[in-house]
Amino acid sequence: MAEFIREIENIFSEDGALSSLKGFEYRKPQQEMAVMAAESLENNSHLIVEGPTGIGKSLAYLVPSIILH
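A brief report on the enclosed structure follows.

**Some thoughts on the side chain of Gln-31**
Tracing the backbone shows Gln-31 in helix α2 (residues 28-43). Take Gln-31: its relative accessible area is 7%, and that puts it in the buried class. Sequence-distant contacts of Gln-31, defined by excluding residues within four places in its chain, comprise Glu-9, Phe-12, Ser-13 and Tyr-26.

**A short note on unusual backbone geometry**
Excluding glycine, residues mostly have negative phi values, and the peptide bonds linking residues are mostly trans. Positioned with a positive phi, Asn-44 is a non-glycine residue whose angle comes to about 55°. Note on placement: Asn-44 falls in the loop between α2 and α3 (57-68).

**Examining the side chain of Gln-30**
Here Gln-30 shows up in helix α2. A residue is classified by how much of its surface remains accessible, and Gln-30, at 2% relative accessible area, is buried. A distance of 3.1 Å separates a polar side-chain atom of Gln-30 from the backbone oxygen of Gly-56. Residue contacts for Gln-30: discarding those within four places in its chain leaves Phe-12, Phe-24, Glu-25, Ile-55, Gly-56, Leu-59 and Ala-60.

**A few points about α2**
The first and last C-alpha atoms of α2 sit 22 Å apart over 16 residues, in line with the 22 Å expected at 1.5 Å per residue. If you check which residues of α2 are buried, you get Gln-30, Gln-31, Met-33, Ala-34, Val-35, Ala-37, Ala-38 and Ser-40. Structurally, α2 contributes buried residues whose contacts are with α1 (3-11) and α3. With its phi angle positive at about 55°, Asn-44 sits one or two positions after the end of α2.

Thresholds applied
- Residues numbered from 1 in each chain as written.
- Predicted model: local features only at pLDDT ≥ 70, side-chain atom pairs only at ≥ 80, totals over all residues.
- Heavy atoms only, no water.
- Helix = DSSP H or I, 4+ residues; strand = E, 2+ residues; numbered from the N terminus.
- Buried < 20%, exposed > 50% of the residue type's maximum accessible area, 1.4 Å probe, protein only.
- Contact = heavy atoms within 4.5 Å.
- Polar contact = N/O pair within 3.5 Å; in protein donor to acceptor, adjacent residues only side chain to side chain.
- Expected span 1.5 Å × (residues − 1).

This is how it looks when you write it as structure tokens:
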């Protein structure tokens, strides 16, 4: 696993950087989506993800995008 992908996985972990934010709740599906988004960005490939309301899709794709660029 590339360093960038590990960084994203750690950011979204139970004790990662986001865990210090007030109201942050660890969500495994959010972490998995963030890793998929990071892999897609790193491989310059497309990604389509469907998920229920409340798993944190916005942060899951925005954080990897911001960090990479």
